[in-house]
Protein chains: 2
Amino acid sequence: MVNEVETYVEVLKGHDLKVTQQRLEILRYLEEHRTHPTADEIYKALIKKYPSLSKTTVYNTLEILCDAGIIDQLTICPTEHRYDFHHQAHHHFFCKQCGKIIDINFPCPNVETIKKDILKNGHQIDDVHGYFKGICSSCIKKREKQDGY
Amino acid sequence: MVNEVETYVEVLKGHDLKVTQQRLEILRYLEEHRTHPTADEIYKALIKKYPSLSKTTVYNTLEILCDAGIIDQLTICPTEHRYDFHHQAHHHFFCKQCGKIIDINFPCPNVETIKKDILKNGHQIDDVHGYFKGICSSCIKKREKQDGY
DNA sequence: CTGGCTGCAAATCCTTTGCAAAGCC
DNA sequence: GGCTTTGCAAAGGATTTGCAGCCAG
């Protein structure tokens, strides 16, 4: 569990990244809001406290944090990128109706076998994503109501 | 193996879709070019033979074919959508350097267990994607040359 | 100091929308 | 003939770029 800003400083330093207020805030936001926010959501949330924050900086920072492997960029949603603090490997479910992303904390040990197969061909693997897409249970219920059940 | 245009007609009819020249051509293109093309690549290739083709039609058709489950939309590439004829389930590797997508024909039987877990929560699963991202072997080689190996 | 970071505005690129004309059954 | 599909142009929206000023190390 990360409780102190000090810890975010260590995270950045540990990856040879310069420590700036903006980076600390974005890191903190991602740690505290594990809702796979978009760049725009992060921007809109932080601009309240830091009126000088630029959306460019949010994009830049997210890219840097991704490259460092500190966070993950999710491409599960077809219209925008979402970001996730890189904690223990897990999968994602995307509801095509409401756009919600649900974490799937069910392990897939088989992934390791596939990774070995890919590595055998000389490729370098940085990220692994298991994406499941469909309609979430609450949207199914809403739909049933509309249909007159 | 699909050899005759007749077969594409059957595919469309089998999904209660109207048969048009444009749809047949897009289907045929996807069947013959299993390179995960973008909408734009499909458009640029077909416009040569069918100068009246509109990009809107390409987008419309791809969406319809996706909804019908005939093709898959890949969101592995962060900047654009790619499309894949829906044949036997397989995974994808994306090279962050050259943008190439490589098919991974290595089964993941464990996926079924995860799907059951998701279904148990009442969600409906339409698509499953295994995305691996990194640097492909040929880009690694290029990089080594540049670095003076 | 000084190279990297930030922020603004404008540009870019993929995709969607509105609507009239054309086509299919 | 009615309803769907097509095609054009314009809009939309996420992300990137160019560049000047600022700041952490």
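Look up a bit, the structure's there.
Residues numbered from 1 in each chain as written. Chains lettered and ligands numbered in written order. Predicted model: local features only at pLDDT ≥ 70, side-chain atom pairs only at ≥ 80, totals over all residues. Heavy atoms only, no water.

Enquirer: Would you mind going over helix H3 (residues 39-46) of chain A in detail, with residue names and values included?
Expert: Residue and element names in this part refer to chain A. The complete set of buried residues in H3 reads Ala39, Ile42 and Leu46. All buried residues of H3 fall inside an arc of 65° around its axis, so they share one side. For H3, the elements touching its buried residues are helix H2 (21-32), helix H4 (55-67) and strand S2 (82-85). (Buried < 20%, exposed > 50% of the residue type's maximum accessible area, 1.4 Å probe, protein only. Helix = DSSP H or I, 4+ residues; strand = E, 2+ residues; numbered from the N terminus. Arc of directions from axis to C-beta. Contact = heavy atoms within 4.5 Å.)

Enquirer: Explain the protein's contact with DNA strand D to me, using residue names and the numbers behind them.
Expert: Neighbouring DNA strand D are 17 residues, the closest being A:Tyr59, A:His81, B:Thr20, B:Thr56 and B:Thr57. Taking the atoms of DNA strand D that fall within 4 Å of the protein, sugar and phosphate contribute 77% of them. Separating a phosphate oxygen of DNA strand D from a backbone N or O atom of A:Val19 is a distance of 3.4 Å. Contact distances for DNA strand D include 2.9 Å between a phosphate oxygen and a backbone N or O atom of A:His81. Among the secondary structure elements, those contributing two or more residues to the surface near DNA strand D are H4 of chain A together with helix H2 (21-32) and helix H4 (55-67) of chain B. Per element, the largest residue contribution to the surface near DNA strand D is three residues, and it comes from H4(B). Along the lines of polarity and charge, the residues of the surface near DNA strand D split into three nonpolar, 10 polar and four charged. (Near = heavy atom within 4 Å. Polar contact = N/O pair within 3.5 Å; in protein donor to acceptor, adjacent residues only side chain to side chain. Nonpolar A, V, L, I, M, F, W, Y, C, P; charged D, E, K, R; others polar.)

Enquirer: Describe the pattern of salt bridges, naming the residues involved and giving the relevant values.
Expert: One pass over the full model with this rule turns up 18 salt bridges over all chains. Notably, a salt bridge pairs A:Glu41 with A:Arg82, separated by 3.8 Å at the nearest N-O pair. In this pair, A:Glu41 is assigned in helix H3 and A:Arg82 in strand S2, connecting sequence segments 41 residues apart. A relative accessible area of 36% means that A:Glu41 is categorised as partly exposed. A:Arg82 sits in the buried class, given a relative accessible area of 10%. Across the salt bridge formed by B:Glu31 and B:Arg34, the nearest N and O atoms sit 3.0 Å from each other. A cluster of three or more residues bridged by salt bridges with shared partners is formed by A:Asp40, A:Lys44 and A:Lys55. (Salt bridge = Lys/Arg side-chain N within 4 Å of Asp/Glu carboxyl O.)

Enquirer: Any details on the interface of chain B and chain A? Residues and values, ideally.
Expert: Taken together, the contact pairs 39 residues of chain B with 39 residues of chain A. When chain B packs against chain A, the two sides together hide about 3200 Å² of surface, and 62% of this comes from carbon and sulfur. For the interface between chain B and chain A, the tally reads four salt bridges. Residue A:Lys96 is joined to B:Asp126 by a salt bridge in which the shortest nitrogen-to-oxygen separation is 3.2 Å. For the interface between chain B and chain A, the tally reads 19 residue pairs in polar contact (both at pLDDT 80 or more). Of all the secondary-structure elements, those providing two or more residues to the side of chain B that touches chain A are strand S3 (91-95), strand S4 (101-104), helix H5 (110-120), strand S5 (124-135) and helix H6 (137-146) of chain B. The element contributing the most residues to the side of chain B that touches chain A is S5(B), with 12 residues. Class assignment for the residues of the side of chain B that touches chain A results in 19 nonpolar, 14 polar and six charged. (Buried area = accessible area lost by both parts, 1.4 Å probe.)

Enquirer: Explain H4(A) residue by residue, including any values.
Expert: Residue and element names in this part refer to chain A. The end-to-end C-alpha distance of H4 is 18 Å, a good match for the 18 Å that 13 residues give at a rise of 1.5 Å each. Within the span of H4, buried status applies to Val58, Thr61, Leu62 and Leu65. In an axial view of H4, the angular spread of the buried residues amounts to 100°, which keeps them on one side of the axis. Exposed and oriented more than 90 degrees from the buried face of H4 are Glu63 and Asp67. Positive backbone phi, approximately 80°, marks Gly69, located one or two places after H4. (Expected span 1.5 Å × (residues − 1).)

Enquirer: Talk me through the layout of surface pockets; I want residue IDs and the actual numbers.
Expert: Looking at the second largest pocket, its volume works out to about 570 Å³. What lines the second largest pocket is a set of 22 residues, among which A:Lys96, B:Glu63, B:Cys66, B:Asp67 and B:Gln73 lie closest to the centre. No other element matches the five residues that H4(B) contributes to the lining of the second largest pocket. Taken together, the residues of the lining of the second largest pocket sort by class into nine nonpolar, six polar and seven charged. (1 Å grid on protein atoms, 1.4 Å probe; cavity = no way out; pocket = protein on both sides within 12 Å on 5 of 7 lines; lining within 4 Å. Points joined across faces, edges and corners; volume = space filled by probe spheres on them.)

Enquirer: Could you give me a rundown of the packing of H3(A) against H4(A), with the residues and numbers involved?
Expert: The relative placement of two packed helices comes down to the angle between their axes together with the axis-to-axis distance. Residues and elements named next belong to chain A. It is the contact of H3 with H4, at a shortest axis distance of 9 Å, that shows an interaxial angle of 125°. On the basis of the axis angle, H3 is oblique to H4. Read as a crossing pair, H3 and H4 show a hand that is right-handed. Of H4, the residues touching H3 (which contributes Ala39, Asp40, Ile42 and Tyr43) are Lys55, Val58, Tyr59 and Leu62. Classifying every residue of the contact of H3 with H4 gives six nonpolar, no polar and two charged. (Axes fitted to C-alpha atoms, helices over the stretch in contact; angles between N-to-C directions. Parallel < 35°, antiparallel > 145°, perpendicular 65-115°, else oblique. Left-handed = near helix turned anticlockwise from the far one by under 90°.)

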